[in-house]
Amino acid sequence: MRVLLISANTETINMPTLPMGLGCVAAALAEAGHAVRFLDLMAVGTWRRLLEDALADPAPEIIGISIRNIDDQNIASPDFLLERAAEVVRAGRDASAAPVVVGGAGYSIFP
């Protein structure tokens, strides 16, 4: 199966975080014989063009999106980050017929 994994986190907040959890998922999928592409949005400036390219040829059969942070943890003036992650999810859904699976630490804390 062709799998596209996207780390949707673009926030450095206190320091940049590495997408280690999603990297483990990518390694397990590759070891199981799947063709995995990994897109880390932290490492790019404008992500839309890169996402379009990743969805082009060969088109993924499934898209996994990891959401790391839901806010910046600043209690005095919070910046909520879910809408930015939702943009990535919408872009994936709009540009591909592949199912989109969402997970990650920011996503998983909600019941």
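Residues numbered from 1 in each chain as written. Predicted model: local features only at pLDDT ≥ 70, side-chain atom pairs only at ≥ 80, totals over all residues. Heavy atoms only, no water.

1. Here we look at the pairing of strand 4 (residues 100-103)
Next, step 1: Across four bridges, strand 3 (residues 62-66) lies against strand 4 in parallel orientation. Note that in strand 4 the partner of I65 across the bridge is V102. (Pairing = 2+ DSSP bridges. Helix = DSSP H or I, 4+ residues; strand = E, 2+ residues; numbered from the N terminus.)

2. Things to note about the sheet that holds strand 4
Next, step 1: Pairing in this open sheet of four strands is parallel, and the strands run 2-1-3-4 from one edge to the other. On the outer flanks of this sheet lie strand 2 (35-40) and strand 4, each paired with one strand and no other. Between one strand axis and the next, the sheet turns by 20 degrees as a mean value, whatever way the strands run.
Next, step 2: Against the sheet, helix 1 (residues 20-31) touches strand 1 (2-7), strand 2 and strand 3, its axis set at about 170 degrees to strand 1.
Next, step 3: Strand contacts of helix 2 (residues 47-55): strand 1, strand 2 and strand 3, with the helix running at about 175 degrees to strand 2, the strand carrying the most contacts. (Axes fitted to C-alpha atoms, helices over the stretch in contact; angles between N-to-C directions. Contact = heavy atoms within 4.5 Å.)

3. Some words on the pattern of salt bridges
Next, step 1: Scanning the entire structure with this criterion turns up four salt bridges.
Next, step 2: Across the pair R49 and D53 runs a salt bridge whose closest N-O atoms are separated by 3.4 Å. Taken together, the residues span about one helical turn, with R49 and D53 both in helix 2 at a distance of four residues.
Next, step 3: Accessibility expressed as a relative area gives 55% for R49, which makes it exposed. (Salt bridge = Lys/Arg side-chain N within 4 Å of Asp/Glu carboxyl O. Buried < 20%, exposed > 50% of the residue type's maximum accessible area, 1.4 Å probe, protein only.)

4. As for the environment of I6
Next, step 1: Tracing the backbone through its elements, the reader meets I6 in strand 1.
Next, step 2: Taking the relative accessible area as the measure of exposure, I6 reaches 1% and is therefore buried.
Next, step 3: Considered as a pair, I6 and V102 are 96 residues apart in the sequence and their alpha carbons are 9.6 Å apart.

5. Brief notes about the side chain of S7
Next, step 1: Within the fold, S7 resides in strand 1.
Next, step 2: A residue is classified by how much of its surface remains accessible, and S7, at 6% relative accessible area, is buried.
Next, step 3: What S7 contacts, discounting residues up to four positions off in sequence, is P19, L22, L39, D40, L41 and S66.

6. Focus on the nonpolar core
Next, step 1: Grouped together as the largest cluster of nonpolar side chains are 15 residues, with contacts concentrated most on L4, I6, L39, L51, I65 and V88.
Next, step 2: Among the elements of the structure, strand 1, helix 2, strand 3 and helix 3 (82-95) are those that each provide at least two residues to this core.
Next, step 3: Contact partners of L51, with chain neighbours within four places excluded, come to L4, I6, L39, V88, A91 and G92. (Core = buried A, V, L, I, M, F, W, Y, C linked by side-chain atoms within 4.5 Å.)

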